[in-house]
Amino acid sequence: MKHLLTTADLTRADAISILDTAAQMAATQSREIKKLPTLRGRTVVNLFFEDSTRTRISFETAAKRLSADVINFSAKGSSVSKGESLKDTALTLQAMGADAVVIRHQSSGAPHTLATSGWVDSAVINAGDGMHQHPTQALLDAYTIRRHLSGERRDARDPAAAPLAGAGLGGDLTGLKVAIVGDVLHSRVARSNVQLLHTLGADVTLVAPPTLVPVGVEAWPCAVSYHLDEVLTDVQPDAVMMLRVQRERMSSAGGGFFPSPLEYTRNYGLDRRRLAHLPDHTIVMHPGPMNRGLEISAEAADSPRAVIVEQVANGVAVRMAVLYLLLAGDMSNQVPAQNVSS
Ligand code: CP
């Protein structure tokens, strides 16, 4: 695989290879061996046409920990604001010898265009395109779920929990139940996660108001519900992933916020009362940035179940794995033990 554009392109073996490599990368970080020489002499360009905190910093950190040279490009303050096209921006990067381009763009499909246009020779990594895909977010989410919930770890957290059929065997998420809650309509995180979690064997339930469910969702490999309380009590999910309400996409699409914020919080917000319905082992996730008080209360976001900050930390190891596998390895390679320097 030359590019990472969508989780739909990942086989189960590809996904597990990335997660296993990320675990090895994380092990080097926890030994305080911060820098691997693997990508010395290679150049990674972060090409961000849309705002980002976590993804951009995480890719920059990951590339630097692999000893790559990093160029950060933001549309704001660049010649894009003078009308320069994606093509001419890409040709400029090609002239500068980029080995990988990490692209975030407001238009769904921009990373695919970049990868298939012939404008650049480099690997293209989708860091979020419109309402379409955010594959490294889904990978870091799967990595976080696996760390907390596969096999014996889940049993240790909640000895009374019913045993899972094969969870963790072979490193996948078979038998785990994941609820993804909120503004599914505008969420590239939801689209990437449904695909990847299904590939890894988890059972996904989407929960959203009818107005925030995409057309065609029946074809997605998941269940759909409009009732959060029912899902929390009946499904008893192992992980609850709250989605950000994307007010900026609602106004740019000409639509309003419906249901009203108050109604939304009442019916779909995660708060202390709803947390109490969940099994002890259930983790609470959010890709960030959060609207505290809207889709998630401060109590839920800061509760011991919340793994939101850990998701961010895991993103570095996952992005190191992706850069490593695309630029220095292949999907069956492991991180060589001798390839480590302090
Ligand atoms: N999760 C995520 O994509 O966050 P940023 O927009 O801050 O990168």
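If you're wondering where the values come from, they're calculated on a predicted model, not measured in any experiment.

So, how was this worked out
- Residues numbered from 1 in each chain as written.
- Predicted model: local features only at pLDDT ≥ 70, side-chain atom pairs only at ≥ 80, totals over all residues.
- Helix = DSSP H or I, 4+ residues; strand = E, 2+ residues; numbered from the N terminus.
- Buried ≥ 20, exposed ≤ 12 C-beta atoms within 10 Å, placed from the backbone.
- Contact = placed C-beta atoms within 7 Å.
- Core = buried A, V, L, I, M, F, W, Y, C linked by C-beta atoms within 7 Å.
- Domains from an automatic or database assignment.
- Arc of directions from axis to C-beta.
- Nonpolar A, V, L, I, M, F, W, Y, C, P; charged D, E, K, R; others polar.
- Pairing = 2+ DSSP bridges.
- Axes fitted to C-alpha atoms, helices over the stretch in contact; angles between N-to-C directions.
- Near = placed C-beta within 6 Å.
- UniProt positions renumbered as here; feature names shortened; annotations may be inferred.
- Right-handed = clockwise from strand over helix to strand, strands pointing away.

A. Highlighting the overall build of the protein chain. Along the protein chain, the regular secondary structure elements total 13 helices and 9 strands. Across the 342 residues that make up the protein chain, the buried fraction comes to 46%. By sequence separation, contacts in the protein chain at least 24 residues apart represent 76% of the contacts at least 6 residues apart.

B. A look at the nonpolar core. In terms of nonpolar packing, the biggest core is built from 96 residues, with V101, A142 and L323 touching the most fellow members. Tallying contributions element by element places helix α13 (residues 308-327) first for this core, with 12 residues. Taken domain by domain, this core gets at least three of its residues from each of domain 1 (7-133 + 312-327) and domain 2 (135-311).

C. Fine view of helix α8 (residues 228-235). Within α8 the residues assigned to the buried category are L228, V231 and L232. The buried residues of α8 occupy an angular sector of 95° when projected down its axis, which confines them to one face. Set apart from the buried face of α8 by more than 90 degrees, the exposed residues are E230, T233 and D234. Residues of α8 that are buried sit in contact with β5 (177-181), β6 (203-207), β7 (223-225), α10 (261-268) and α11 (272-275). Phi turns positive one or two residues past the end of α8, at Q236, with a value near 55°.

D. Structural view of the domain arrangement of the protein chain. Assigned domains within the protein chain: domain 1 (7-133 + 312-327) and domain 2 (135-311). Using only C-alpha atoms to locate each centre, domain 1 and domain 2 end up separated by 25 Å. Secondary structure elements with two or more residues in the side of domain 1 that touches domain 2: α1 (12-30), β4 (123-129) and α13. When the residues that make up the side of domain 1 that touches domain 2 are grouped by side-chain class, the tally is 13 nonpolar, 9 polar and 5 charged.

E. Inspection of the sheet that holds strand β8 (residues 239-242) at higher detail. Strand order in the open sheet formed by 5 strands is β7-β6-β5-β8-β9, and the pairing between neighbours is parallel. Of all strands in the sheet, those with a lone pairing partner are β7 and β9 (283-285), marking the two edges. On average, each strand axis in the sheet is tilted by 20° relative to the strand beside it, whichever way the strands run. Pairing geometry for β6 and β7, over 3 bridges, is parallel. Bridge pairing links L206 to V224 in β7.

F. Highlighting the site of the ligand. Surveying the vicinity of the ligand reveals the residues S52, T53, R54, T55, G128, Q137, P287, G288 and P289. When its residues are assigned to classes, the shell around the ligand shows 2 nonpolar, 6 polar and 1 charged. Looking at the shell around the ligand, you find at least three residues from each of domain 1 (7-133 + 312-327) and domain 2 (135-311).

G. Region of interest: the UniProt feature "binding site: carbamoyl phosphate" (unreviewed entry) in the protein chain. As recorded in UniProt, the sites labelled "binding site: carbamoyl phosphate" (unreviewed entry) are R54, T55, R104, H134, Q137, G288 and P289. Inspection of the secondary structure assignment puts R104 in strand β3 (residues 100-105). Given 25 C-beta atoms within a 10 Å radius, R104 is considered buried. Ignoring anything within four residues of it in the chain, the contact list for R104 reads F48, F49, E50, S52, T55, A127 and G128. With respect to the helices, strands and loops of the structure, G288 is situated in the loop between β9 and α12 (298-301).

H. Region of the structure containing the pairing of strand β1 (residues 43-48). For β1, a buried count of 5 out of 6 residues is recorded, marking the element as mostly surrounded by other parts of the structure. Across 6 bridges, the pairing between β1 and strand β2 (residues 69-74) is parallel. Among the inter-strand pairings, N46 is bridged to a residue of β2, identified as N72. Between β1 and its parallel partner β2, the chain crosses via helix α2 (residues 54-65), and the hand of that crossover is right-handed.

I. Highlighting the environment of S107. With respect to the secondary-structure elements, S107 resides in the loop between β3 and α4 (110-116). Assessed through the 14 C-beta atoms surrounding it within 10 Å, S107 is described here as partly exposed. For S107 and G97, which are 10 residues apart along the polypeptide, the C-alpha to C-alpha distance reads 25 Å. Each residue touching S107, except ones within four places of it in the same chain, is listed here: D129 and G130.

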